[in-house]
Amino acid sequence: MEIVGQLQKQYVEFSTSLYREGFLDEQFIQLQKLQDESNPDFVVEVVSIFFEDSEKLINDLATAIQQQVVDFKQVDAHVHQFKGSSSSIGANRVKNMCIALRSFCDEKNLDGCLRCLQQVKHEYFLVKNKLETLFRGISHLKENIDSFFSFLIHHFFRRKK
Amino acid sequence: MVSTCDSDFANLNKGNVEEEPHVLAVDDNLVDRKLVEKLLKNSSCKVTTAENGLRALEYLGLLDGKKSSMNNNALKVNMIITDYCMPEMNGYELLKKIKESSLMKDVPVVIMSSENVPTRINKCLEEGAQMFMLKPLKCSDVKKLRCHLMQCRG
């Protein structure tokens, strides 16, 4: 089944590019290592939690930064969370942008914070898109592998008879 | 990962010899909680998670005013692993509360943090933390932890 080979190649190329371009780092590999038969959807589950959590954090950050009197400690607390979770799943570019945002917080540089938050959002949605594509690629591969094996088994039993 | 091997895991045999150590994992970050839980489960540990210090103390039956109630949870727990940076009660404060408890003081407590701050690390180790681990945690970190736990069992 040539399609499986093609899909596999596409998947590997795409996946490799994510690391090369710094979207993902070694920690994403650690995440994949944790997945096993007892929890075959672990990576997707954790990443889904990350998506939900991040979007809430982005909203909280936007709110905090738009206050009349900005509480930079509060902003920093949110960024700390975001930096933590992005680091834990290997979302490298998001993590780095959070680190930059923290510096602006420390300096109480509101303008810097505003601009940097936009960049954090940008990186987040980029990696979200990439990961969703990656997961779609995996399920597409799986579907094709499943139908390939079904075909084999069916063919085998037909011949036996 | 920074660790001290000044381990005093001596009090791990609490009655029944369990195949699977029971670990209480404390972290305010949901993604990290999910991760540490899986890391520990993959290392054959039973895991209970808590989202903050107060919940952890509540689980252990160590909340002031509730000490009188007999709590089985504290007896089951073989190790506590906690994040350092948490709102209201940080990992260091939680560590102190645990070390103040006659029931729990010998249970090993591991502190995790995303920040490598030597003064923070020393403060925790001096207060009796068994180990300090840098986040994000890797599979190999928890395996080391597990080895420590196993070595010290009877």
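Procedures and definitions
Residues numbered from 1 in each chain as written. Chains lettered and ligands numbered in written order. Predicted model: local features only at pLDDT ≥ 70, side-chain atom pairs only at ≥ 80, totals over all residues. Heavy atoms only, no water. Axes fitted to C-alpha atoms, helices over the stretch in contact; angles between N-to-C directions. Helix = DSSP H or I, 4+ residues; strand = E, 2+ residues; numbered from the N terminus. Parallel < 35°, antiparallel > 145°, perpendicular 65-115°, else oblique. Left-handed = near helix turned anticlockwise from the far one by under 90°. Contact = heavy atoms within 4.5 Å. Buried area = accessible area lost by both parts, 1.4 Å probe. Salt bridge = Lys/Arg side-chain N within 4 Å of Asp/Glu carboxyl O. Polar contact = N/O pair within 3.5 Å; in protein donor to acceptor, adjacent residues only side chain to side chain. Nonpolar A, V, L, I, M, F, W, Y, C, P; charged D, E, K, R; others polar. pLDDT = per-residue confidence, 0-100. Buried < 20%, exposed > 50% of the residue type's maximum accessible area, 1.4 Å probe, protein only.

Details of the packing of helix H3 (residues 42-65) of chain A against helix H4 (residues 72-89) of chain A
Residues and elements named next belong to chain A. Where H3 meets H4, the closest approach of the two axes is 10 Å, and the angle between their N-to-C directions is 160 degrees. Between H3 and H4, the angle is such that the two are roughly antiparallel. Remark: the crossing between H3 and H4 carries left-handed chirality. Every residue of H4 that contacts H3 at Val 46, Phe 50, Asp 53, Ser 54, Leu 57, Ile 58, Asp 60, Leu 61, Ala 64 and Ile 65 is listed here: Val 75, His 78, Val 79, Gln 81, Phe 82, Ser 85, Ser 86 and Ile 89.

Thoughts on the interface of chain A and chain B
Counting from both sides, the interface comprises 24 residues of chain A and, opposite them, 17 residues of chain B. Together chain A and chain B conceal approximately 1,700 Å² of surface at their shared face, both sides included; 59% is due to carbon and sulfur atoms. Linking chain A with chain B are 3 salt bridges. With a shortest N-O distance of 3.2 Å, Asp36(A) and Lys38(B) are connected by a salt bridge. Viewed at the interface, chain B and chain A are joined by 10 residue pairs in polar contact (both at pLDDT 80 or more). Residue assignment for the side of chain A that touches chain B shows that the elements contributing at least two residues are helix H2 (26-34), H3 and H4 of chain A. Here the side of chain A that touches chain B gets 8 residues from one element, more than from any other, and that element is H4(A). Across the side of chain A that touches chain B, the residue classes tally to 7 nonpolar, 10 polar and 7 charged.

Looking at the side chain of Thr82(B)
Following the sequence through the fold, Thr82(B) ends up in strand S4 (residues 79-83). Dropping the residues within four chain positions of it, Thr82(B) is found in contact with Val26(B), Gly91(B), Leu94(B), Val109(B), Val110(B), Ile111(B) and Met112(B).

Description of the confidence of the model for chain B
Residue and element names in this part refer to chain B. On average, residues of chain B score 84 in pLDDT, and 81% of them reach the 70 mark or higher. Low pLDDT, under 50, characterises residues 1-17; the stretch is placed with 40 contacts to residues that sit more than four places away or in other chains. The ipTM, which scores confidence in the relative placement of chains, is 0.88 for this predicted complex, and the corresponding pTM is 0.86.

Observations regarding the pattern of salt bridges
Close approach of charged atoms lets side chains of opposite charge pair. Enumeration according to the criterion identifies 17 salt bridges over all chains in this entry. A salt bridge links Lys135(B) to Asp32(B); the shortest N-O distance between them is 2.8 Å. Residue Lys135(B) is located in the loop between strand S6 (131-134) and helix H6 (139-151), and its partner Asp32(B) is located in helix H1 (residues 30-42); the two are separated by 103 residues in the primary sequence. Note on accessibility: Lys135(B) and Asp32(B) belong to one class, buried. When salt bridges that share partners are traced, they join Asp76(A), Arg102(A), Glu115(B) and Arg120(B) into one network.

Quick word on the environment of Gln10(A)
With respect to the helices and strands, the residue Gln10(A) is situated in helix H1 (residues 2-20). Separated by 127 residues in sequence, Gln10(A) and Gly137(A) place their C-alpha atoms 8.4 Å apart.

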